[in-house]
Every structure is written in structure tokens, then in C-alpha cells.
Amino acid sequence: TAAESPVIVSREGRVGRIRLNRPKALNALDAATMEAVVAAAVAFDADPEVGAILLLGSEKAFAAGADIKEMKDKDGSEMYAADWFRRWEDLTRLRIPIVACVQGYALGGGCELAMMADVLVAGRSAKFGQPEITLGVLPGMGGSQRLTKSVGKAKAMDMVLTGRMVEAEEAERMGLVSRLVADEDAVATAEEVAATIAGFSKPAAMMNKEAVLNAFETPLTQGLVFERRVFHGLFSSADQAEGMAAFAEKRPAEWTHR
Ligand code: CAA
């Protein structure tokens, strides 16, 4: 039923609206929510009648992160096999502009989802953070990369290494927030921004978005370092040891996929 759906999708004029709807879990982003958000956004992107997407949470929380309860008992090979969080990449590939309205908590995956939007409107109650380190992990939906590109190394390192929450005013000062407004004006402002964008030529809006996003692309030097780190990391896998031993022993490898 609509009441149980993890998102509420609607349309107002040329604005497609996606509201996160798991209030009891502070809009924690489980796999079903991810799929519902991305599927709705993909459909709006392709709809010539829609010129912008408005992404909203609730007053208490935009989203308090990926769903920890859903992930807690998984192991590394399960996460890898499912390519956990991969579907969010489809959201970041869309060409239609996305406006996020953040009130309350935007933590972990919630902060990362807000950063996937193109224009971020925040109410004064907004609190941003990447607390993954407190869970023994790191951001997995782009936080270590997008946060650093948005706010620079000093602030990004502080946030990811301490897990502290940053209040809306500091977030605006550091360049994470496009517009900071009173909480009671947050939704109306975000609606107005989305309607303004949706009122322009859709191809022109898409090309403006594409051009700005282009400024974020990873330079080759960083991509190469990342590749080298992942390469080093694979030396902790059983299959690396087996593959190289098999070569030296001139026999076919027997993979255990671990
Ligand atoms: N996953 C699953 N459930 C969550 C959740 C999350 N990320 N955040 C909150 N909830 C649940 C709580 O477990 C609680 O459920 P129950 O009522 O069943 O106990 C309910 O939502 C309400 O939360 P609280 O009682 O904790 O509310 P609070 O007002 O006392 O605290 C909060 C609010 C400080 C945001 C706290 O909920 C919190 O610390 N949440 C976790 C924040 C976090 O660590 N996020 C990162 C997740 S990992 C991640 O996102 C990985 C990634 O890179 C994508």
C-alpha cells in the first residue's frame, strides 16, 4: 500500500517529486528504498513533461544513512557479489537536474544522497555527517570522493575521520549547501528552485548540469592511485594467492571466489 511504500512519488507541474517515507527508521536507505528512489528518478529523467526532480525527506531526517540493520550481518564477499550501493550510480548518471531539500539528519548515505543532488536547499535544523567510521567502515555511496571534491580535504578529513555532525550553518560556509533558509521555508524554497529549473528548456538545463558535473571528473593521476590501492587490496584475497600459485605450478587455478 502507499502508506508502506518507502517513497512517495508525485508530480506537480513539471517537477517530479520523490519523498523518502520511512519515518520510523529516520528514512534509513535500505535496498528497497534505493530501488524505489532510483526507479522513480529514472522515469522522471525520461519523461519530457518533467524538467526537474525534487527529493525530500521528513522534518526530523532527510535520511539517517544506509540501513545498518540490513547490512550488519553481511560479509565482504556478499557485499561485493551484490555490488552493494551500485544502483545509486544510476541516479548520478541522470541528466535531469535534482534538487534536494534537507531538514534534520543527513548522515552517512543520507549525506551522500544529498550530495548526489545538484542543488541542495537546507533548513537550519539540517545536520550533515559521515559517521561510518564509528561503525568500523567508511562511506560507500561516494562520500569520501564527493565530499572532498565539494568541501576540500580539510573539512572532508575532519568529517570522515571523526564522524562528527556538522550543523547547517557550517555546512553552508564550507560549500556543501546551495541555499540555507529557515526550516519553515525549506520545502517552499526547494519547490521554487525546482520549478524555476523545470521552467527552462530541458535540454539546456541538462547541458548546464552536465557541464558543471564535468568539473568533478577524476583526473587520471587520482584514478591510477585508486586502481593501485585496489590492486594492493586484492592481495588479501584467497583467489590472488591461488591464481599466482597456479601460474607458478603450471596448472589451472581453482577459484574459491574469496
Ligand atoms: N539504519 C537503520 N536504522 C536506523 C538508522 C540507520 N542508518 N538510523 C536510525 N535508525 C533507526 C533506529 O535504529 C531506530 O529504530 P528503532 O526505533 O527500531 O530502535 C529509529 O531509526 C529511530 O532512531 P533513534 O532512536 O536512534 O533516534 P535518535 O533521535 O535517538 O537518534 C540518530 C538519531 C543520531 C540519527 C541515530 O539514529 C543514529 O545515529 N543513526 C545512525 C547514523 C549512522 O551511523 N549513519 C550511517 C549509516 S552507514 C552508511 O550510511 C554507509 C554508507 O556509506 C552508505
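The shown structure was predicted, so the numbers you read here are calculated from the model rather than taken from an experiment.

This part is about empty space enclosed by the protein. Applying the stated criterion across every chain yields a total of 1 cavity of 30 Å³ or more. Quantified by volume, the largest cavity comes out at close to 30 Å³. Lining the largest cavity are Ile18, Val37, Ala41, Ile53, Leu55, Leu91 and Ile98. Every element with two or more residues in the lining of the largest cavity is listed here: helix H1 (31-46) and strand E3 (52-56). Here the lining of the largest cavity is built from residues that sort into 7 nonpolar, no polar and no charged.

For the structure shown, the criterion picks out 1 aromatic pair. The ring centre of Tyr105 lies 5.7 Å from the NZ or CZ of Lys127, which sits over that ring.

Bringing unusual backbone geometry into the picture now. A positive phi angle, close to 50°, is found at Leu26, a residue other than glycine. Secondary-structure assignment places Leu26 in the loop between strand E2 (15-20) and H1. One non-glycine residue, Asp83, lies in positive phi territory at about 45°. Here Asp83 is to be found in the loop between helix H3 (76-82) and helix H4 (88-92). Looking at Asp83, the relative accessible area reads 43%, which means it is partly exposed.

On to the packing of helix H6 (residues 143-151) against helix H7 (residues 153-162), then. Their axes nearest at 7 Å, the elements H6 and H7 cross at an angle of 140°. Viewed along their axes, H6 and H7 adopt a mutual orientation that is oblique. Where H6 abuts H7, its residues Leu147, Thr148 and Val151 lie against Lys153, Lys155, Ala156, Met159 and Val160. Looking at the contact of H6 with H7 residue by residue, the classes come out as 5 nonpolar, 1 polar and 2 charged.

Another aspect to go through is the site of the ligand. Around the ligand, the structure places 24 residues, and the nearest of them are Lys60, Gly109, Glu112, Glu132 and Gly140. Within the backbone of Ala64, a nitrogen or oxygen atom sits 3.0 Å from a nitrogen atom of the ligand. Gly109 places a main-chain nitrogen or oxygen 2.8 Å from an oxygen atom of the ligand. Burial of the ligand by the surrounding chains reaches 65%, relative to a free accessible area of 980 Å². Contributing elements (two or more residues each) for the shell around the ligand: helix H2 (68-71), strand E6 (105-107) and helix H5 (109-116). Its residues placed into classes, the shell around the ligand shows 14 nonpolar, 4 polar and 6 charged.

The rules behind the values
- Residues numbered from 1 in each chain as written.
- Predicted model: local features only at pLDDT ≥ 70, side-chain atom pairs only at ≥ 80, totals over all residues.
- Heavy atoms only, no water.
- 1 Å grid on protein atoms, 1.4 Å probe; cavity = no way out; pocket = protein on both sides within 12 Å on 5 of 7 lines; lining within 4 Å.
- Points joined across faces, edges and corners; volume = space filled by probe spheres on them.
- Helix = DSSP H or I, 4+ residues; strand = E, 2+ residues; numbered from the N terminus.
- Nonpolar A, V, L, I, M, F, W, Y, C, P; charged D, E, K, R; others polar.
- Phe/Tyr/Trp six-rings, centres within 6.5 Å; stacked < 30°, edge-to-face > 60°.
- Lys NZ or Arg CZ within 6 Å of the ring centre and 35° of its normal.
- Buried < 20%, exposed > 50% of the residue type's maximum accessible area, 1.4 Å probe, protein only.
- Axes fitted to C-alpha atoms, helices over the stretch in contact; angles between N-to-C directions.
- Parallel < 35°, antiparallel > 145°, perpendicular 65-115°, else oblique.
- Contact = heavy atoms within 4.5 Å.
- Near = heavy atom within 4 Å.
- Polar contact = N/O pair within 3.5 Å; in protein donor to acceptor, adjacent residues only side chain to side chain.
- Areas by Shrake-Rupley, 256 points an atom, 1.4 Å probe, with all protein chains shown as cover.

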